[in-house]
Amino acid sequence: MSRTIMLVPISAGVGLTSVSLGVIRTMERKGVSVAFFKPIAQPRHGGDQPDLTSSIIKANSDIKTSQSIFMHEAESLIGNEKMDVLLETIVGRYNELSDADVTLIEGLVPTRKHPFANQVNQEVAKTLGAEIVFVATPGTYNTAQLRERIELAASNFGGTKNKNIAGVIINKLNAPVDDAGRTRPDLSEIFDEADAAKQANIKTMEIINSSPIRVLGCVPWSIDLIATRAIDMAKHLDAEIVHEGDMYNRRIKSITFCARSVPHMVEHFKPGSLLVTSADRPDVIVAAALAAMNGVEIGALLLTGGYDLPEQIVKLCRRAFDTGLPIFKAQGNTWQTSLNLQSFSLEVPADDKERIEFVNDHVASHIDGPWIESLTEGTEGIRRLSPPAFRYQLTEFARRAGKRIVLPEGDEPRTVKAAAICAERGIATCVLLGNPEEIRHVAEQQGVELGAGVEIIDSAAVREKYVARLVELRSKKGMTEVVAREKLEDSVFLGTMMLENNEVDGLVSGAVHTTANTIVPPFQIIKTAPNASIVSSVFFMLLPDQVLVYGDCAINPDPTAEQLAEIAIQSADSATAFGIDPRVAMISYSTGESGKGADVDKVREATKIAQAKRPDLVIDGPLQYDAAIMENVAASKAPNSPVAGKATVFVFPDLNTGNTTYKAVQRSADLVSIGPMLQGMRKPVNDLSRGALVDDIVYTIALTAIQAEHG
């Protein structure tokens, strides 16, 4: 039987959208299918726009939603004492949602404009038979005051003994707030006399022990939750873009008005800072340019006063601009600009996918897992592994593995960030190879802390210890000490020797190096696993509702039938290792016995070989792609196939087909793929795309750690 959960905010400013998204992400991670419904749209600025949560969900997921009632319609019905009509409409739209384990309802936020919110929330919860979860934030309250607020909110719903009250989620724990209790970024530099934001220090256990109802989550505040893109600031100010730079990716975490002399300002020239200065302050502009050229990822430079940037300054600072420093110009003076900035909305835009993902994962990591798991008690059915569940599972499996992964590109900025994230999440201990001073400099310039969980090894200091072993391993290929020392100048060779010597459990490279640079040293030194005759690869394709495995799309140009059978077995085992139930489709241009020719015969033979070698696996072929993935096509083309229509592992007949298909699906459907993950090596080594994002590196490190565990 499906469940209905209603999130009820006990006040304004609780971060209701963030909590809704986080609860949904937690359900997805646990394999709970969920639908979402905001009965009455409540956009921040009024009018008849869609509400924020629904907009984000529709733009970024396949979760089923139902149309909200516009606020003016709801107000009209309430004002004319037609609450019953309003509730009937809500029930009708709620009933459009089906086939989900849980329907999540988002209540109205009580505001001055909407004083009826509490009454409507009570009526909706009662009408839909929803379990109630309150959403609260401490703001300026201490633990005792927060308890009183929760008790008061519960009393409006029948008191704490009401069995339909499931608990409370506390959001924005220990957030910096102003006197009105509003969470805000660091704007203390706007006015010299401004007091710094207050920040409480309430412990999670204090809240859990004092709360009158069950605490289902305590979500700590993080500056990254409100770190907006530079482009969003520019749009808010209606600013003229002087230099676009990387303004769609740079994040604003603090705002500094550069009203002092440069020596008193440079401490604020830091990653994520919006530097606001009059365009006639060349000293500040040049200082900011120098900081950018030294690797400081300043969020953006905002010029006030409406002046044009002097051409001679533009020429002088050209190299700094080329680092990606965004620059935009506001027409108003500094005072007017400061007022405009204070009115900037901290809500996450629906198109800011990176920040939405952070919000989802941050909140989800602090929601009570057992409560989420309890929501499906009594329900049945096979659940597909959704992308959020897959990513969560990756990090969980990697944590349990507890492996050390060497990163030869130790001073590469994305790699440094990824190593810090892996350490923070406990995914793996990352070993950064390179010059320690340079690595720490790169970290500092990006605002990254390399603490416990990240090791830095000086390549120059350890290189000599591997010379003799490399000579021993490659002596038959004519390796000498001179050549070995030359090879070990290559950080990938050095990292591979550490892997061979069991000092680390896996290697990840490729953010700077080519695929050949990354995989040739392991091929020469690590070689294939004892039970493998071939090295192949898989991509994990994160479709909206499930994760598929594609192999081999990166390594083998034209495998024989025997090799194709081994690729199928390796890919099935990889799927199993990562929590995907393997149903292997051997892909061809023909299904079953209908086709003739050498290409389809190879696939047919490979299927028989794989089935004979591994009778425990569900393998079928040849199958056309549509027959493998679509149930209606499978019903007509391969009605008796145990795989057709429900395949999870797709094995392509050659590299041309595999690589083309993976890229066509990835680009046409705009989905995320993780890989290629190499399989068949004696120890795990994985290659990155040179365009890899930080998250791509993080998940590849997690993949590598899990491979090491299953190796």
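Definitions and limits used
- By convention here, each chain's residues receive numbers from 1 onward along its written sequence.
- Since the coordinates come from a predicted model, pLDDT governs what is reported: local features require at least 70, and pairs of side-chain atoms require 80 or more to be given and counted, while whole-chain, interface and lining totals use all residues.
- No hydrogens and no water enter the side-chain calculation; it runs on all heavy atoms of the structure.
- UniProt positions are given in the numbering used here, feature names are shortened, and annotations may be inferred rather than shown by experiment.
- By the criteria applied, helices consist of DSSP H or I runs no shorter than four residues and strands consist of E runs no shorter than two, each listed in order from the N terminus.
- The predictor attaches a confidence to each residue, called pLDDT, with possible values from 0 through 100.
- In what follows, residue pairs with any heavy atoms lying within 4.5 Å of each other are defined as contacts.
- When DSSP finds two or more bridges between two strands, those strands count as paired.
- For helices, the fitted axis covers only the stretch in contact; all axes are lines through C-alpha atoms, and the angles between them, taken along N-to-C directions, range from 0 to 180 degrees.
- Salt bridges are defined by distance alone: a side-chain nitrogen of Lys or Arg within 4 Å of a carboxyl oxygen of Asp or Glu.
- Partly exposed describes any residue whose relative accessible area lies between the buried limit of under 20% and the exposed limit of over 50%, with all areas from a 1.4 Å probe on protein chains only and scaled to the type maximum.
- By definition here, a helix of n residues has an expected span of 1.5 Å times n minus one.
- Note that the term roughly parallel is reserved for angles under 35 degrees, roughly antiparallel for angles over 145, roughly perpendicular for angles of 65 to 115, and oblique for everything else.
- By convention the crossing between two helices is left-handed if the near helix lies anticlockwise of the far one by an angle smaller than a right angle, and right-handed if it lies clockwise.
- Stacked, edge-to-face and tilted are the three classes for Phe, Tyr and Trp ring pairs, Trp counted by its six-membered ring, which pair at centre distances within 6.5 Å; planes under 30 degrees apart are stacked, over 60 edge-to-face, the rest tilted.

Looking up the protein in an unreviewed UniProt entry gives the name Phosphate acetyltransferase, with the organism given as Vibrio algarum. In the Function (unreviewed entry) part of its UniProt record, the protein is described as follows: "Involved in acetate metabolism." Among the UniProt annotations of the protein, the heading Subunit (unreviewed entry) holds the following wording: "Homohexamer."

J.: Would you mind going over the UniProt feature "domain: DRTGG" (unreviewed entry) in the protein in detail, with residue names and values included?
T.: As annotated in UniProt, the feature "domain: DRTGG" (unreviewed entry) corresponds to residues 232-343 in the numbering used here. The annotated region residues 232-343 carries 33% helix and 21% strand content, and the separation between its end C-alpha atoms amounts to 13 Å.

J.: I'd like a description of the confidence of the model for the protein, backed by residues and values.
T.: Keep in mind that low pLDDT regions are not for reading the predicted coordinates in detail. Residue-level pLDDT values for the protein average 88, and 95% of them are 70 or greater. Low pLDDT, under 50, characterises residues 379-383; the predicted model gives this stretch six contacts beyond four residues in sequence or across chains.

J.: Explain the UniProt feature "domain: Phosphate acetyl/butaryl transferase" (unreviewed entry) in the protein residue by residue, including any values.
T.: Feature annotation in UniProt assigns "domain: Phosphate acetyl/butaryl transferase" (unreviewed entry) to the following positions: residues 390-705. Taken end to end, residues 390-705 is 46% helix and 18% strand, and its first and last C-alpha atoms sit 15 Å apart.

J.: How would you summarise the sheet that holds strand E14 (residues 300-304) if you had to cite specific residues and measurements?
T.: Strand order in the open sheet formed by five strands is E10-E15-E14-E13-E12, with mixed pairing between adjacent strands. Each of the sheet's edge strands pairs with one partner strand only, and the pair in question is strand E10 (240-243) and strand E12 (254-257). Geometrically, the sheet is characterised by an average inter-axis angle of 25° between neighbouring strands, direction not taken into account. Pairing geometry for E12 and strand E13 (residues 273-278), over four bridges, is parallel. What sits directly across from Ile255, in E13, is Leu274.

J.: Account for the pattern of salt bridges, naming residues and giving values.
T.: According to the stated counting rule, one finds 36 salt bridges in the structure shown. Across the salt bridge formed by Lys38 and Glu106, the nearest N and O atoms sit 2.9 Å from each other. Of the two residues, Lys38 is situated in the loop between strand E2 (34-37) and helix H2 (52-60) and Glu106 in strand E3 (residues 102-106); the sequence distance between them amounts to 68 residues. A single burial state applies to Lys38 and to Glu106, both of which are buried. Close ionic contact of Arg404 with Glu455 constitutes a salt bridge, the shortest N to O distance being 2.4 Å. Of this pair, Arg404 sits in strand E16 (residues 404-407) while Glu455 sits in strand E18 (residues 454-458), and the two are 51 residues apart along the sequence. Here Arg404 falls in the partly exposed class, since its relative accessible area comes to 24%. The exposure class of Glu455 is partly exposed, given its relative accessible area of 30%. Overlapping salt bridges bring together Arg229, Asp232, Arg251, Asp351, Asp352 and Glu354 as one network.

J.: Let's hear about the sheet that holds strand E21 (residues 547-551): which residues, and what values?
T.: Pairing in this open sheet of six strands is mixed, and the strands run E23-E22-E24-E21-E20-E25 from one edge to the other. Of all strands in the sheet, those bounded by a partner on one side alone are strand E23 (618-623) and strand E25 (672-679). With direction set aside, neighbouring strand axes in the sheet form an average angle of 20°. Each of strand E20 (536-542), E21 and E25 touches helix H15 (residues 387-401); the most contacted strand, E20, lies at about 130° to it. With respect to the sheet, helix H24 (residues 598-613) is in contact with strand E22 (583-587) and E23, its orientation differing from that of E23 by roughly 170°.

J.: Before we move on, can you summarise helix H13 (residues 353-364) with the specific residues and values?
T.: Helix length check: H13, at twelve residues, gives a terminal C-alpha distance of 16 Å against a target of 16 Å (1.5 Å per residue), a fit within 8%. Among the residues making up H13, those that are buried are Arg355, Ile356, Val359, Asn360, Asp361, His362, Val363 and Ala364.

J.: Describe the packing of H15 against helix H28 (residues 694-710), with residues and values.
T.: As a packed pair, H15 and H28 sit with axes 8 Å apart at the nearest point and diverge in direction by 50°. On the basis of their axis angle, the class for H15 and H28 is oblique. Regarding H15 and H28, the two cross each other, and that crossing is left-handed. Taking contact as the criterion, the partners of Arg391, Leu394, Thr395, Phe397, Ala398 and Ala401 in H15 are, on H28, Tyr699, Ala702, Leu703, Ala705, Ile706 and Glu709.

J.: Summarise the packing of aromatic side chains; cite the residues concerned and give the values.
T.: Per the stated rule, a full pass over the model turns up eight aromatic pairs. For the pair Tyr550 and Phe652, a centre-to-centre distance of 5.2 Å together with 80° between the ring planes defines the contact as edge-to-face. Of the two residues, Tyr550 is situated in strand E21 and Phe652 in the loop between strand E24 (649-651) and helix H27 (655-669); the sequence distance between them amounts to 102 residues. Clustering of aromatic rings is evident, with ring pairs tying together Tyr550, Tyr625, Phe650 and Phe652.

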